[in-house]
Amino acid sequence: MAAVTPVASAFHRSPALPRGFALEGVDLSRSLYLLPTGIVGGEQAAAAVVAGHGWPIADGTLAFTALAVILRRPGGGATLSIAPFAEAVTWAEREHPDLCRHVSDCLHRIGRRRPAWGGVPMETPVVMGIVNVTPDSFSDGGEAFGTEPAIARALALIEAGATIIDVGGESTRPGADPISPEEEERRVVPVVRALAERGIVVSIDTRHARVMAATVAAGARIINDVTGLAGDPDSPRVAASGGAAVCLMHMLGDDPRTMQADPRYECAPLDLLDQMEERIATAEQAGIDRARLCVDPGIGFGKTAEHNAQILGSLGLLHRFGCPVLLGVSRKSFVSHLSQGEPPRQRLPGTLAANVAGLDAGVQILRVHDVAETVQALRIWQAMRAGA
């Protein structure tokens, strides 16, 4: 039996909310963070919001009844303190006006309704099915390599309940050899066009501006870039002009071949947020409205198993951006590192556990290989939340 990777919390507990600290020269967006917790659903959520004891997540069926306030420490690390929602609001109102404004802005971004993304309503979670038109992807390389096999797989995933199909032509697993944008385009454009002509919502998984342009022209409604539009200098401009929705994923560095060499963070969940803030700013400066954006924490991309666990344990932090959140954990190696070393095709239970935790944190999109199993888990989760 493989040894289980130990995991420590990314945060240090504090017994009380921070009070009276100096704000001179402090960037609150990079020093004080809000993590929704005590999340409930159904009538419990509605009752909490009506009574002033909770706040909605994305104006949906979930609400949080407590708030964790996370404060970066000057010497590194971060402290975390938790208070009931109403108490946390009172605390913010009694602190410095700048802090109160920061908390208020964050709460409103967390609570506001997410517009349709890529034409897909975001009121309830949806499943994105993976189609890898590659011979070397980490878990299903070769299964859908070729236009007809890829189309057949996509149609089967739609039949199983997928709302979005994510088509990729280049493996981005750690250590994968890159291919030319021309070869990637040759692999994916016929598949994207065939699916779009059938009315299917297609996402293109690429880090190359040329492929983005060609596939959006062929009917892709979503660009899903593992580099967050940082891997190709033309990507922000091309993504902006094409009009497609964009998923910005977090990756440490911009090269999948080296991202797992020695990933380091001061505090993985908070460093991720700061870096994602920069990617969003770059996208907006290029002319991509925030309503077109989705964020993905990039599980497994430049992160150890402990980093992944810490990020998954605090996914609610990502709601601060006011964008839909996409979670891609399907069959990834962190499952085996935290379990018993299982190969990719034996990681479904761990994948489902992480995805259900994501749903409990308010994630809107689950990107998976095993669509039928995920849809079943999603429906049971929805029923349980509605029954609350």
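Rules used throughout
- Residues numbered from 1 in each chain as written.
- Predicted model: local features only at pLDDT ≥ 70, side-chain atom pairs only at ≥ 80, totals over all residues.
- Heavy atoms only, no water.
- Buried < 20%, exposed > 50% of the residue type's maximum accessible area, 1.4 Å probe, protein only.
- Helix = DSSP H or I, 4+ residues; strand = E, 2+ residues; numbered from the N terminus.
- Pairing = 2+ DSSP bridges.
- Axes fitted to C-alpha atoms, helices over the stretch in contact; angles between N-to-C directions.
- Parallel < 35°, antiparallel > 145°, perpendicular 65-115°, else oblique.
- Contact = heavy atoms within 4.5 Å.
- 1 Å grid on protein atoms, 1.4 Å probe; cavity = no way out; pocket = protein on both sides within 12 Å on 5 of 7 lines; lining within 4 Å.
- Points joined across faces, edges and corners; volume = space filled by probe spheres on them.
- Nonpolar A, V, L, I, M, F, W, Y, C, P; charged D, E, K, R; others polar.
- Core = buried A, V, L, I, M, F, W, Y, C linked by side-chain atoms within 4.5 Å.

1. Points about the pairing of strand β2 (residues 32-41)
Of all 10 residues making up β2, 8 are buried, and the element is well covered by its neighbours. One ladder, built from 9 bridges, connects β2 with strand β4 (residues 62-72); its direction is antiparallel. Bridging from a neighbouring strand, leucine 32 pairs with leucine 71 of β4.

2. Looking at the packing of helix α2 (residues 85-94) against helix α3 (residues 97-111)
Two elements in contact, α2 and α3, have axes whose closest approach is 8 Å; the angle formed by their N-to-C orientations is 140°. Considered as vectors, α2 and α3 are oriented oblique to each other. Listed contacts from α3 to Phe85, Val89, Trp91, Ala92 and Glu93 of α2 are Leu99, Cys100, Val103 and Leu107.

3. Considering empty space enclosed by the protein
For the coordinates displayed, the defined rule picks out 2 cavities of 30 Å³ or more. Taken as a whole, the largest cavity spans an internal volume of roughly 50 Å³. What lines the largest cavity is simply Pro269, Leu272, Leu273, Ile311, Ser314, Leu315, Leu317 and Leu318. The class makeup of the residues in the lining of the largest cavity is 7 nonpolar, 1 polar and no charged. Space inside the second largest cavity adds up to approximately 30 Å³. Contributing to the lining of the second largest cavity are Glu170, Ser171, Thr172, Ala176, Asp177, Pro178, Arg207, Pro256 and Arg257. Among the residues forming the lining of the second largest cavity, the class breakdown is 3 nonpolar, 2 polar and 4 charged.

4. Digging into the layout of surface pockets
Size it by volume and the second largest pocket reaches roughly 270 Å³. Thr61, Leu62, Glu123, Pro125 and Trp381 are, among the 18 residues lining the second largest pocket, the residues nearest its centre. A per-element tally of the lining of the second largest pocket places helix α12 (residues 371-386) first, with 4 residues. Tallied by class, residues from the lining of the second largest pocket come to 9 nonpolar, 7 polar and 2 charged.

5. Quick notes on the nonpolar core
General note: in soluble globular proteins, nonpolar side chains tend to be found buried as a group. Membership of the largest hydrophobic core comes to 98 residues, with the highest contact counts inside it found for Phe11, Ile70, Ile165, Val167, Leu195 and Leu270. With 7 residues, helix α8 (residues 268-285) is the single largest residue contributor to this core. When neighbours within four sequence positions are excluded, isoleucine 165 is seen to be in contact with Gly129, Val131, Ala154, Leu157, Ile158, Leu195, Ile200, Val201, Val202 and Ser203. Core analysis: the next-biggest nonpolar cluster, separate from the first, contains 13 residues, Val120, Met128, Leu326 and Ile365 among them.

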